[in-house]
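Coordinate analysis (summary)
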Amino acid sequence: MKVMLRTSVIVIALMVFLGLPILFYWLGEFPRRSVLKEAISLLTLLAFSLMLSQFFMARSNLKVIQLFDLRQVQLVHKFIAYAVMTVLLLHPVLIVFPRLFEAGIGPWQAFRTMLTTFENPGILLGLAAWILLLVLTLTAIFRLRLNWALGIKYRNWRYFHGLLSVLVTAVAVLHAIKLGRHFNPSMVFFSVSVAITGAAMLFKMYLFPPTKPTVSAKQTVGSE
Amino acid sequence: MTTTEQQSGPTRRAFMAMGGSAAGMAALGVNAGWGQNTSVSDASAFTTATHDCDVLVIGGGMAGLFAAVKGHDAGAKIRIVSKGRLGSSGLTPFAKGFFAFDPAQEELTLDEYVAAVSRSALGTNNPVYTRQTAEHSLARVEELKAWGFFDSNLYNKSFMTPIEARGIPLHERVVVTHLLKDGERIAGAAGFRLDAEEVVIFRAKSVVLCTGAGAFKPNGFPVCDLTHDGTVMAYNIGAKVTGKEWNDGHVGRAKNPAATYDGWGDMFDRRPSLEGVGIRHDLGVDANYLAYKLGNPVEAGPGSGPGKNVAGGPFRPVEFADNGPPPGPPEAAGMGDGPPAGGGPGIGGGPPGMRGPAMGGASAGMSIHKSEGLVPINDRCESNIPGLFAAGDALGSHMCGAIYTQIGSSLAGSAVQGAVGGEAAADYARDVETPILEETELAAVEEEILAPLRRKAGYGPAWVTQTLQGIMIPNFVLYIKKESILSAALAYIEELRDHHSPMLRAADMHELRLAHETSNMIISAEMKLRASLMRKESRCSHYRLDYPDVDDENWRAWINIYKDESGDMRLEKQPFDTWPAQT
Amino acid sequence: MTIENISGCIGCGRCVHACPCDVIRIDKESGKAAIVYPADCQICHLCRMNCPVDAITLSPEKTIPVVVSWG
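Predicted model, so just to flag it, every value in this text is computed and none were measured. (Residues numbered from 1 in each chain as written. Chains lettered and ligands numbered in written order. Predicted model: local features only at pLDDT ≥ 70, side-chain atom pairs only at ≥ 80, totals over all residues. Heavy atoms only, no water.)

Quick notes on the overall build of chain C
Using the following cut-off: A run of DSSP states H or I qualifies as a helix once it reaches four residues; a run of E qualifies as a strand once it reaches two. Both are numbered from the N-terminal end. Restricting the calculation to C-alpha atoms gives the radius of gyration, and the globule rule supplies 2.2 Å times the number of residues raised to the power 0.38. Only protein chains enter the accessibility calculation, which uses a 1.4 Å probe. A residue is then buried if its area is under 20% of the maximum for its type, exposed if over 50%, and partly exposed in between. Here, Shrake-Rupley sampling with a 1.4 Å probe gives the accessible areas, and only protein chains in the shown set may cover a residue. We count Lys and Arg on the positive side and Asp and Glu on the negative side, and we leave His and both chain ends out. Working definition for charges: the position is that of NZ of Lys, CZ of Arg, CG of Asp or CD of Glu.
Helix and strand counts for chain C stand at 2 helices and 4 strands. In chain C, the succession of α and β elements from N to C terminus is β-α-β-β-α-β. Against the globule reference of 11 Å for 71 residues, chain C gives a C-alpha radius of gyration of 12 Å, in line with a compact fold. Viewed in the frame of its principal axes, chain C has a C-alpha envelope of about 40 × 20 × 20 Å. Considering chain C as a whole, with its 71 residues, one finds that 63% of them fall into the buried category. Taken as a whole, chain C presents about 2300 Å² of accessible surface, with 53% of it coming from carbon and sulfur. For chain C, the distance from the average site of its 6 positive side-chain charges to the average site of its 7 negative ones is 6 Å.

Dropping the structure here:
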């Protein structure tokens, strides 16, 4: 019974976080460009969606951590996080990378123009999201050393991580809505509703902590 | 241009002209002709900005670049003004072959090279300019290499390198409409900004026109921003213009003819490259003649034509016969660098990779590169107006002659002449006082510039342009010429000149640009028709059905066009191998 | 259409300057490039090649009827 339940949860998660963005991409009337560019776009869309999925692979999602072992969840969370962060931190470079193979302005000129178009709020949001994402990633990777050096308690780090995640997500979603070429109404609705649900679950946990701790005290190896 | 505040409806005569001249136009469903002006620009709220310099360079292509750089290096205070962006407007962005004469590499000596060009050009070339381009080409190549010109298919960045290094002020997206005079000599130019409600006045001791040539906004050639503006502005202040009877005979694809990028294969994607000596006799009206005689025989791509032959047609010198009729455009228009695409016996002549039928008039309204424009009075790109110089396609240097002779010489010629003209203009400016611009004259010019914005109703410039295209572009008008049709077309053009040009309306700055461009194209059309009527022979890219032979007895001469004191268009002969008589 | 689509535009304005025919303008409200004068597009692709984020798609069809010498 539990195995079946687990399987269905995984299938549903895959369908929501991978299936839906692919579906929206497929059905949307977007101009199709070269294979390389489309592959990069799709990769970025999936990374973005998986970033949103992180809210649901965390302590705040009681149902999931009851169904799975928390350490397993944390492992998956971490694994996806590293993959997603790699793609998203490279996102600005990936946009201009195909210029290496075609006529027109070079990748470096395109990159410089893109990152210095400060009049555009979408670009400012993107820059902010990128910096916040970098902080989020670094403070996660170096959590143990950081906490030890600064004497931060794990619980407080968790709050920091959770709240920063919400901030990153909010800024990133706004950035994507402003500039994302594949952010048609379906994609916007999907991202906003998933992001709000995820953040709501997190705040619910912070504001109304579960009465009985559902996990053992050994959870320090995990990440939130 | 007149400034008549014409607010009444068009005359009956004008209506008849519209109906007759553009029979198909209404059926094509083009923009409305006459209509109310939904003006969004408040012409009374315009500001005026005045800029001073020694030498004003008008145009931001290859010629403009070198005119500015060399003028600066000769000690002059320069300004560049362009209606587009430096290196990204006119024909320069699409030209990829650069002719460089390297004496160490070539089998021909310089003298032999010039003689060979003259033979192909049937004497129509000016050997002084033919030699000048070849002589200076390598030096220009070295400079361009240093600026990174050969490293990208886009030219703005490399063009900006020397301009930024010298701190030369650049006015982009400013449409110049008038040249200004102080007495007999040049005094500057005036125009308007596309992005602001501002009239711009340049006070300059000398002006170098690097405005390219032009066409009738044809489909099939990326020349739609070139409308003979420089030529007509100069003509209006008394400059002499030459070479209007010659035609560039490019064909394009019948399918999506207006898609210039698609029609030219990977040309626009390519980086520029060097060309050695390769003299041809191309891009005349051979294909036009075949199409005239046989319908549209110009099928399929290079070398795959049906190889039809037909008696008569343009004369081709025997030694250039094996070139075959016009090759594919890429290498031809000086825009390419590949091997000749249409060298075979077929009558292909389409862009590379072109499949299916071709269409004619891809570059309609344009002459052979550098064979139309201001008449030079010497080898320093100087016009008959003191202080006014021209370079590149804006100068009727006849560097190649009236037929396309040397591959890649378009870019090279513009670079070389730009440098020569820029330096000459700086030399001139050194010895003259700053000109004086009369307030009343400036006010009149401003009035003329803004007139289309102020008209409450008028003709839409797009509609007038399309009417003009309908009159001029047909094969039997522009290319395969005869007295009766040329005269008939001229009657229509005079109608446009007298009753449409003064009634053009403009709702915004973009349309104001179109209005001035349209007026310029109408004057250019009149020049083309009058010169074609006058030249009663056939030679190179000028073909008359009623005078099909080369007439060396009467026509070893260029035709110069100028405005007489009463404002009428006058034509005169200037024998080959001479400079114009100085008055 | 000529310039068919502009999506993912960041409003840097490079295309406006690159266009020889003044087809594109930056829309004041959205801050993004807009195809304002499509009839004047000569389909030369300079805008696309100058766009840092590859936002512009073109199609080979002209929006207005074309006049040719012979077809």
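So, the overall build of chain B
For chain B, the helix and strand inventory stands at 17 helices and 21 strands. In the form shown here, chain B has an accessible surface area of approximately 18700 Å², with 50% of it arising from carbon and sulfur atoms.

Side note on the pairing of strand β7 (residues 185-193) of chain B
Residues and elements named next belong to chain B. Heads up, the rule is: Here a strand pair is declared whenever DSSP counts at least two bridges between the two strands.
Most of β7 is tucked away: 8 of the 9 residues are buried. Examined bridge by bridge, strand β6 (residues 174-182) and β7 share 8 bridges and lie antiparallel to one another. Note that in β7 the partner of Asp 182 across the bridge is Arg 185. The hairpin turn running from β6 into β7, its antiparallel successor, is 2 residues long, and Gly 183 in that turn takes a positive phi close to 65°. One ladder, built from 5 bridges, connects β7 with strand β8 (residues 198-209); its direction is antiparallel. Within β8, the residue paired with Ala 190 across the bridge is Ile 201. If you look at the hairpin formed by β7 and β8, you'll find 4 residues sitting between the two strands.

Section: the sheet that holds strand β14 (residues 373-374) of chain B
All names here are of chain B. Spelled out, the test is: Contact between two residues is taken to exist if any of their heavy atoms lie within 4.5 Å; hydrogens are not considered. Where helices are involved, their axes are fitted lines through C-alpha atoms of the stretch in contact, as for all axes, and angles between N-to-C directions lie from 0 to 180°.
With antiparallel pairing, the 4 strands of this open sheet are ordered in space as β14-β9-β20-β21. Edge positions in the open sheet fall to β14 and β21 (569-575), since each of these has one partner strand only. Here strand β20 (residues 557-563) runs beside β21; their pairing, made up of 7 bridges, is antiparallel. Within β21, the position partnered with Ala 557 by the bridge is Pro 575. Of the strands in this sheet, β9 (241-242), β14, β20 and β21 touch helix α7 (residues 229-236), which is tilted by about 65° from β20. Most of the contacts of helix α16 (residues 509-534) go to β21, to which it runs at about 50°, and overall it touches β9, β20 and β21.

Observations concerning the packing of aromatic side chains
Residue and element names in this part refer to chain B. Condition: Aromatic rings from Phe, Tyr and Trp, with only the six-membered ring used for Trp, were paired whenever their centres fell within 6.5 Å, and each pair was classed as stacked if the ring planes differed by under 30 degrees, edge-to-face if by over 60, and tilted otherwise. The rule is short: NZ of Lys or CZ of Arg within 6 Å of the ring centre and within 35 degrees of the ring normal puts a charge over the ring.
Per the counting criterion, the structure on display carries 25 aromatic pairs over all chains. Judged by centre distance (5.5 Å) and plane angle (70°), the rings of Phe 221 and Trp 264 are edge-to-face. Remark: Trp 264 occurs in the loop between α8 (260-263) and β11 (273-275) and Phe 221 occurs in the loop between β8 and α7; sequence separation between them is 43 residues. For Phe 221, a relative accessible area of 0% puts it in the buried group. Take Trp 264: its relative accessible area is 2%, and that puts it in the buried class. An aromatic cluster is built from Phe 98, Phe 149, Phe 150, Tyr 155 and Phe 159, whose rings are joined through pairwise contacts. In this structure, Lys 240 packs its charged tip against the face of Tyr 562, placed 5.5 Å from the ring centre.

So, the side chain of B:Asn560
Formally: Under the rule applied, a polar contact is a pair of N or O atoms within 3.5 Å (in protein, one hydrogen donor and one hydrogen acceptor; residues adjacent in sequence only if both atoms are side-chain atoms).
Tracing the chain through its elements places B:Asn560 in strand β20. For B:Asn560, the side chain forms a polar contact with the side chain of B:Gln574, separated by 2.7 Å.

Some thoughts on the domain arrangement of chain B
Residue and element names in this part refer to chain B. Keep this limit in mind: For every domain, the bounds stem from an assignment made automatically or drawn from a database. Accessible area, probed at 1.4 Å, shrinks when two parts are joined; the buried area is that loss added up over both. We count a salt bridge whenever a side-chain nitrogen from Lys or Arg sits within 4 Å of a carboxyl oxygen from Asp or Glu. Classification used: nonpolar for Ala, Val, Leu, Ile, Met, Phe, Trp, Tyr, Cys and Pro, charged for Asp, Glu, Lys and Arg, polar for all others including Gly.
Entries for chain B in the domain assignment read domain 1 (47-430) and domain 2 (459-552 + 564-575). Distance between the C-alpha centres of domain 1 and domain 2: 20 Å. Of the residues lining the interface, 51 residues belong to domain 1; the matching set on domain 2 comes to 40 residues. Broken down residue by residue, the surface that domain 1 buries against domain 2 is led by Phe 216, Glu 245 and Tyr 292, which jointly contribute 20%. Viewed at the interface, domain 2 and domain 1 are joined by 4 salt bridges. With a closest N to O distance of 2.7 Å, Arg 535 and Glu 245 form a salt bridge. Our count for the domain 1 to domain 2 interface comes out at 18 residue pairs in polar contact (both at pLDDT 80 or more). Among the elements of the structure, β6, β7, α7 and α9 (286-294) are those that each provide at least two residues to the side of domain 1 that touches domain 2. Per-element accounting of the side of domain 1 that touches domain 2 gives the leading share, 4 residues, to α9. Taken together, the residues of the side of domain 1 that touches domain 2 sort by class into 25 nonpolar, 15 polar and 11 charged.

What to know about the interface of chain B and chain A
On the side of chain A, 4 residues touch chain B, which itself brings 5 residues to the contact. Buried area between chain B and chain A, summed over both chains or domains, comes out near 320 Å², and the portion from carbon and sulfur atoms is 62%. Of all residues in chain B, B:Asn153, B:Leu154 and B:Lys157 bury the most surface against chain A, accounting for 78% of the area lost on that side. The interface formed by chain B and chain A contains 0 salt bridges. One can count 1 residue pair in polar contact (both at pLDDT 80 or more) joining chain B with chain A. Here the residues of the side of chain B that touches chain A sort into 1 nonpolar, 2 polar and 2 charged.

Some details on the UniProt feature "domain: FAD-dependent oxidoreductase 2 FAD-binding" (unreviewed entry) in chain B
Put simply, the rule reads: UniProt positions are given in the numbering used here, feature names are shortened, and annotations may be inferred rather than shown by experiment.
When the UniProt feature table is mapped to this numbering, "domain: FAD-dependent oxidoreductase 2 FAD-binding" (unreviewed entry) covers residues 54-149 of chain B. In residues 54-149 of chain B, helix accounts for 46% and strand for 14%; the two terminal C-alpha atoms are 27 Å from one another.

Focus on the environment of B:Glu275
By the secondary structure assignment, B:Glu275 is in strand β11. Residue B:Glu275 is classed as buried on the basis of its relative accessible area of 11%.

Points about the interface of chain B and chain C
Listed as interface residues are 51 residues of chain B and, on the opposing side, 29 residues of chain C. A combined buried area of about 3400 Å² lies between chain B and chain C, and 56% of that area is made up of carbon and sulfur atoms. Applying the counting criterion to the chain B and chain C interface returns 1 salt bridge. C:Asp22 is paired through a salt bridge with B:Arg173; the nearest N and O atoms lie 2.9 Å apart. At the boundary of chain B and chain C, one finds 18 residue pairs in polar contact (both at pLDDT 80 or more). If you list the elements that add at least two residues to the side of chain B that touches chain C, you get α2 (23-28), α8, α9, β13 (358-360), α13 (461-472) and α16 of chain B. Class assignment for the residues of the side of chain B that touches chain C results in 26 nonpolar, 16 polar and 9 charged.

Description of unusual backbone geometry
All names here are of chain B. Positive phi is not limited to glycine here, since Arg 173 has a value of about 55°. For Arg 173, the position within the fold is in the loop between β5 (170-172) and β6. One non-glycine residue, His 398, adopts positive backbone phi at about 50°. Turning to its location among the elements, His 398 is positioned in the loop between β15 (388-390) and β16 (404-406). Exposure remark for His 398: the relative accessible area of 3% places this residue in the buried category.

Let's talk about the packing of helix α3 (residues 62-73) of chain B against helix α11 (residues 409-430) of chain B
Residue and element names in this part refer to chain B. Put simply, the rule is: Helix crossings get a hand from a simple test, with the near helix turned counterclockwise from the far one by less than a right angle marking a left-handed crossing and a clockwise turn marking a right-handed one.
The geometry of α3 relative to α11 is characterised by a closest axis approach of 7 Å and an angle of 35° between their N-to-C directions. Considering how the two elements wind past one another, α3 and α11 form a crossing that is right-handed. Contacts between α3 and α11 involve Met 62, Ala 63, Phe 66, Ala 67, Lys 70 and Gly 71 from the former and Leu 411, Ser 414, Ala 415, Gly 418, Ala 419, Gly 422, Glu 423 and Ala 426 from the latter. Split by residue class, the contact of α3 with α11 holds 8 nonpolar, 4 polar and 2 charged.

Here's the deal with the confidence of the model for chain C
All names here are of chain C. The following threshold applies: Scored from 0 to 100, pLDDT records how confident the predictor is in each individual residue.
On average, residues of chain C score 89 in pLDDT, and 93% of them are at 70 or above. When the elements of chain C are averaged for pLDDT, strand β1 (residues 3-6) gives the smallest value, 68, and helix α1 (residues 14-18) the largest, 96. For this predicted complex, the interface confidence comes out at an ipTM of 0.95, alongside a pTM of 0.89.

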